[in-house]
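# Secondary and tertiary structure notes
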Amino acid sequence: MTAGGVAILADGPLAWAIQSGLPPATGYATTELSINMVRRVPDEGQLVARGRLVHLGCRLGLSEVFVTDDAGRLIAHGTSRCVIFPPASDVPAPAQDVADVREQDDGWVAPFLRPARGAVLDQEIFTTRTGLELMRGLVSSELPLSPAALLLGARPIEAGEGTCTFSMPATGWLTSPTGLVLGGVTACLADFALGAAMHTTVPPGTAVAPTDLRVQFIRPAPGDGRQVTARATVVHRGRGLAAARAEVTDSEARLLALADASALILPGRRADLSDAPPLG
């Protein structure tokens, strides 16, 4: 799991920590999300994200989250900023005819409980191909996409030296009760593109370890099924550190979010970082 996957988990407690302090009929929207990785995510077990309200004013709210593994070790720390809307004077009553999908289909299974599709690429692929060759193999469908990408419906559509583009349909199951795509999902799409763009710059046998992800939200994406696209470009490539920037746009090319990320470049390390010490 990358920083984008952690962002999906962290987005809920970050937002609800702020919501816990709001009066009735008061809405809010995430304007900034930041994730700092301190340790690679374990290959198995549970992650727990605990959010805490830091500040709540009349117009802005701040929260933070700590993501830990089964052993209680810190995996990541995150922060969020939300804008607070004035209380609504007229709150519509909940719809009475909304049926639970599980009542309509007894065989319905939550997506995260279904058998995983896709595959984790074999280590040999990373040791015999450059990062650009690997990404172009994913774009052409020569190589299988990861289970995480397929779960969200995201796929790479273009890759070049220091650049990569991912696209994803904004389906309804990626949305909050408001019908808008969750901020953590948008952050994850951006992270796919950012990480891939940095990976296109490395030679065979070189791991790329994400260290941070920062997303500034401009406008929300409706869950109307249309495509959301993240285009990332590497802005710095040093011997041990890379940085990239991405724009997330909707099907009408309107800007939804700006994102930045950094990663450690680790020659001679396995792609799964199973032999790597904590990032911190």
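It should be noted that the structure appears before, not after, this text.
A short tour of the structure in this document, coming up. (Residues numbered from 1 in each chain as written. Predicted model: local features only at pLDDT ≥ 70, side-chain atom pairs only at ≥ 80, totals over all residues. Heavy atoms only, no water.)

## Re the overall build of the protein
Heads up, the condition is: Under the DSSP-based scheme used, a helix requires at least four consecutive residues in state H or I and a strand at least two consecutive residues in state E, with every element numbered from the N terminus. What the globule rule says is 2.2 Å times the number of residues to the power 0.38, and the radius of gyration is computed from C-alpha atoms. Per-residue accessibility, obtained with a 1.4 Å probe over protein chains only, is compared with the maximum for each type, and a residue is labelled buried under 20%, exposed over 50%, and partly exposed between these values. Any two residues whose heavy atoms approach within 4.5 Å at even a single point are treated as in contact. Methods summary: accessible areas were calculated by the Shrake-Rupley approach with a probe of 1.4 Å, and residue burial reflects only the protein chains presented.
When helices and strands are counted, the protein shows six helices and 10 strands. Relative to its length of 280 residues, the protein is compact, with a C-alpha radius of gyration of 19 Å against a globular reference of 19 Å. Taking the principal axes of its C-alpha atoms as reference, the protein extends roughly 60 × 40 × 40 Å. Out of the 280 residues belonging to the protein, those deemed buried represent 43%. In the protein, 66% of the contacts between residues at least 6 apart in sequence involve partners at least 24 apart. Total accessible area on the protein is roughly 14,600 Å²; 55% of this is exposed by carbon and sulfur atoms.

## Describing the sheet that holds strand β10 (residues 255-267)
Here is the rule we go by: What makes two strands pair is DSSP finding at least two bridges between them. Axis angles are defined between N-to-C directions and span 0 to 180 degrees, where every axis is a line fitted to C-alpha atoms and, for a helix, only to the segment in contact.
Spatially, 10 strands are ordered β2-β3-β4-β1-β7-β10-β9-β8-β6-β5 in an open sheet, and the strand pairing comes out antiparallel. Unpaired on one side and paired on the other, β2 (48-56) and β5 (155-160) mark the two borders of the sheet. Going across the sheet, the axis of each strand differs from the next one's by a mean of 20 degrees, ignoring polarity. Pairing analysis gives nine bridges linking strand β3 (residues 60-68) to strand β4 (residues 74-84), with the strands arranged antiparallel. What sits directly across from L62, in β4, is R81. On the sheet, helix α1 (residues 3-19) packs against β1 (28-37), β2, β3, β4 and β7 (206-217) and is oriented at approximately 135 degrees with respect to β1.

## A few points about the environment of P87
Along the chain, the position of P87 falls in the loop between β4 and α2 (101-104). Residue classification places P87 among the exposed residues on the basis of a relative accessible area of 56%. Separated by 60 residues in the primary sequence, P87 and G27 place their C-alpha atoms 7.0 Å from one another. Contacts of P87, omitting those with residues within four sequence positions, involve P24, A25 and T26.

## Re the pairing of β10
As paired strands, β7 and β10 are joined by 11 bridges and run antiparallel to one another. Within the sheet, the bridge partner assigned to R214 lies in β10 and is D260. Looking at chain direction, strand β9 (residues 241-249) and β10 are connected through nine bridges and run antiparallel. Following the sheet pairing, A242 is matched in β10 by A263. Connecting β9 to the antiparallel partner β10 that follows it, the hairpin turn spans five residues, and A253 within it adopts a positive phi of roughly 65 degrees.

## Considering the environment of L138
Summarising the element assignment, L138 is placed in helix α4 (residues 131-139). Sequence separation between L138 and I157 is 19 residues; the distance between their C-alpha atoms is 8.6 Å. For L138, the contacting residues outside a window of four places in its chain are L121, L143, P144, L145, R155 and P156.

## A look at the side chain of T175
Heads up, the condition is: Throughout this description, a polar contact denotes any pair of N or O atoms lying within 3.5 Å of each other; where both atoms belong to protein, one of them has to be capable of donating a hydrogen while the other can accept it, and for residues adjacent in sequence the pair is counted only when both atoms sit in side chains.
Along the polypeptide, T175 turns up in the loop between β6 (163-169) and α6 (183-199). Polar contacts involving the side chain of T175 include one to the main-chain carbonyl oxygen of G172, which spans 2.6 Å. The contacts of T175, once residues within four sequence positions are left out, are L180, V181, L182 and G223.

## Observations concerning the state of the cysteines
Rules: For this text, the term disulfide refers to a pair of cysteine sulfurs within 2.5 Å.
Applying the stated criterion across every chain, the model contains zero disulfides. Left unpaired, C82 is separated from the closest cysteine sulfur, that of C58, by 15 Å.

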